[in-house]
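# Working through the structure, step by step
Here are the chains, one letter per residue:
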Amino acid sequence: MLGLYFSGTGNSKLCLEIFLKNLNNDYSLCSIEDSNAKSLIEKSEEIILSYPVYYSNLPLILKDFLLENSSLFYGKKIFIIATMGLFSGDGTGCSARILEKYGAVIIGGLHIKMPDCIIDVKILKKSSEQEDKLLKNTKLKIEKSANLYSKNCQTQQGLGVFSHIAGLLGQRLWFKKMTSTYKKYPKIDYQKCINCNNCIAYCPMKNLYINSLNQIDNLNKCTLCYRCVHVCPKKAITILGKNIVHKQSQFLNKKS
Ligand SMILES: Cc1cc2nc3c(=O)[nH]c(=O)nc-3n(C[C@H](O)[C@H](O)[C@H](O)COP(=O)(O)O)c2cc1C
């Protein structure tokens, strides 16, 4: 069994790991960013796919990965985990419909609420107590779904027609522009930046570089994953908001 993921800030990877550990099967774990992802997909009959929801849609980096490797998914049995801050409607359904088109068999779906990775927007901030409670419930929910999976009775969250309508009307239509193309982000506060280059090293899109003014600049290829925002030691990077108002992810493996 293969656990395949895209995770900007660690939530989707963590949820997938908890799910897989609870299945008690042998598994490989791999990010779509890893060089061996394609060969592992080829070799695996059953895949658990995990990713974050952006505006009730797929991260563009993941959508493009699925498209570029569409032939690899033919005939695979796929269970989908979608992580989110609050609401997605059909977070799992977004990739399910694409994968079905490529000949995959979707065997179930699970929606998981996690601490929001958008840490530069005040309204999305939760207290530490709220986050602790959320994580406890999340763990229980994943264990329950994994248990059902083992009994061949997979949860089906986000895959039905009502979820589809909720995702479409709730968000996807209104925010289509945000997820249909890569963006000219992130924003760098050069007063705070110490040129540690962490953001360059971690960006999954190779979107960041040092320009002729010796400043971090972008190539218009941001997939909005927020990883650079979370790895900046000086909190000098923002995307949607203006300032960092919440703590950085505790689930992202940082090198420093
Ligand atoms: C650009 C963007 C858009 C998002 N849109 C939604 C959303 O529509 N609904 C929601 O509940 N959470 C939304 N989130 C929150 C993430 O889905 C959530 O924090 C997720 O668990 C992050 O996973 P990761 O750590 O694996 O990247 C959004 C996050 C980003 C960065």
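This text gives an overview of the structure that appears in the document. Here the structure is a predicted model, which is why all the values come from computation and not from measurement. (Residues numbered from 1 in each chain as written. Predicted model: local features only at pLDDT ≥ 70, side-chain atom pairs only at ≥ 80, totals over all residues. Heavy atoms only, no water.)

## What to know about the sheet that holds strand β5 (residues 105-113)
Quick reminder of the rule: A pair of strands is labelled paired if DSSP reports no fewer than 2 bridges between them. Helix and strand labels come from DSSP, where a helix needs a run of H or I of at least four residues and a strand needs a run of E of at least two; each type is numbered from the N terminus. Angles run from 0 to 180 degrees between N-to-C directions of axes, and those axes are lines fitted to C-alpha atoms, restricted for helices to the stretch in contact. The criterion used for residue contact is that any of the two residues' heavy atoms lie within 4.5 Å.
As summarised here, the arrangement of the 5 strands in space is β2-β1-β3-β4-β5, forming an open sheet in which the pairing is parallel. Each having just a single partner strand, β2 (28-31) and β5 make up the two edges of the open sheet. Taken over all neighbouring pairs, the strand axes of this sheet differ in orientation by 20 degrees on average, direction set aside. In this sheet, β2 lies alongside strand β1 (residues 2-5) in parallel orientation, the contact comprising 4 bridges. Residue pairing for β2: L2 is matched across the bridge by S28. Against the sheet, helix α4 (residues 91-101) engages β3 (46-52), β4 (77-84) and β5, with an angle of about 150 degrees to β4.

## A look at empty space enclosed by the protein
Gaps left between atoms show up when a probe the size of a water molecule is rolled over them. The following threshold applies: Points on a 1 Å grid, built from protein atoms alone, make a cavity when a 1.4 Å probe fits but cannot get out and make a pocket when they are open with protein on both sides within 12 Å along at least 5 of 7 lines; residues with an atom within 4 Å of a point are the lining residues. Grid points are joined across faces, edges and corners, and a volume is the space filled by probe spheres set on the points. In this classification, the charged set is Asp, Glu, Lys and Arg, the nonpolar set is Ala, Val, Leu, Ile, Met, Phe, Trp, Tyr, Cys and Pro, and all remaining amino acids, among them Gly, are polar.
Applying the stated criterion across every chain, the model contains 5 cavities of 30 Å³ or more. Within this model, the largest cavity holds a volume of roughly 120 Å³. Forming the walls of the largest cavity are 14 residues, and the residues nearest its centre are P115, D116, K247, Q248 and S249. Class assignment of the residues belonging to the lining of the largest cavity gives a composition of 4 nonpolar, 7 polar and 3 charged.

## Regarding the layout of surface pockets
Put simply, the largest pocket is a space of about 560 Å³. Lining the largest pocket are 29 residues, and of these V53, Y54, Y55, D116 and I118 lie nearest its centre. Of all elements in the fold, only α1 (11-23) and β4 reach the threshold of two or more residues within the lining of the largest pocket. A per-class count over the lining of the largest pocket returns 18 nonpolar, 10 polar and 1 charged. As a volume, the second largest pocket reaches approximately 370 Å³. For the second largest pocket, the lining is made up of 18 residues, of which I32, E33, I61, F65 and P204 are closest to its centre. Of all elements in the fold, only α2 (37-43) and α3 (60-68) reach the threshold of two or more residues within the lining of the second largest pocket.

## A closer look at helix α6 (residues 161-172)
Here is the rule we go by: Exposure classes here rest on a 1.4 Å probe applied to the protein chains alone. A residue is buried below 20% of its type maximum, exposed above 50%, and partly exposed in between. Comment: arc refers to directions from the helix axis out to C-beta atoms.
Within α6, burial applies to G167, Q171 and R172. Mapping the buried residues of α6 onto a view down its axis gives an arc of 70 degrees, with all of them on the same face. Opposite its buried face, α6 presents the exposed residues V161 and F162, each directed more than 90 degrees away. On its buried side, α6 packs onto α4 and α7 (176-180).

## Let's talk about unusual backbone geometry
Residues Y185 and P186 are joined by a peptide bond in cis, for which omega reads 0 degrees. When you line up the elements, P186 lands in the loop between α7 and β6 (187-188). A positive phi is found at N152, a non-glycine position, where the angle reads about 65 degrees. Structurally, the position occupied by N152 is in the loop between α5 (128-150) and α6. On the accessibility criterion, N152 (63% relative accessible area) is exposed.

## Description of the side chain of T83
Stated precisely, the cut-off is as follows: Any pair of N or O atoms that falls within 3.5 Å is considered a polar contact. Within protein, one atom must be able to donate a hydrogen and the other to accept it, and sequence-neighbouring residues count only if both atoms are side-chain atoms.
Along the chain, T83 falls in strand β4. One polar contact links T83 to S12, side chain to side chain, over a distance of 2.9 Å. With near-sequence residues (within four places) excluded, T83 lies in contact with N11, S12, C15, Y51, P52, V53, I112 and M114.

## Regarding the pattern of salt bridges
Where charged atoms of side chains with opposite charge meet at close range, the side chains can pair. Put simply, the test is: We define a salt bridge as a contact between a side-chain nitrogen of Lys or Arg and a carboxyl oxygen of Asp or Glu at a distance within 4 Å.
If you walk through the whole model with that rule in mind, you get 6 salt bridges. A salt bridge links D90 to R172; its shortest N-O distance comes to 2.8 Å. On the criterion of sequence distance, the pair formed by D90 in the loop between β4 and α4 and R172 in helix α6 is long-range, its members being 82 residues apart. Residue D90 shares its accessibility class with R172, and that shared class is buried. The partner of K192 in a salt bridge is D189, and the shortest N-O contact between them spans 4.0 Å. Its relative accessible area of 36% is what places K192 among the partly exposed residues. A relative accessible area of 29% places D189 in the partly exposed class. If you follow the salt bridges from partner to partner, you end up with D90, R97 and R172 in one network.

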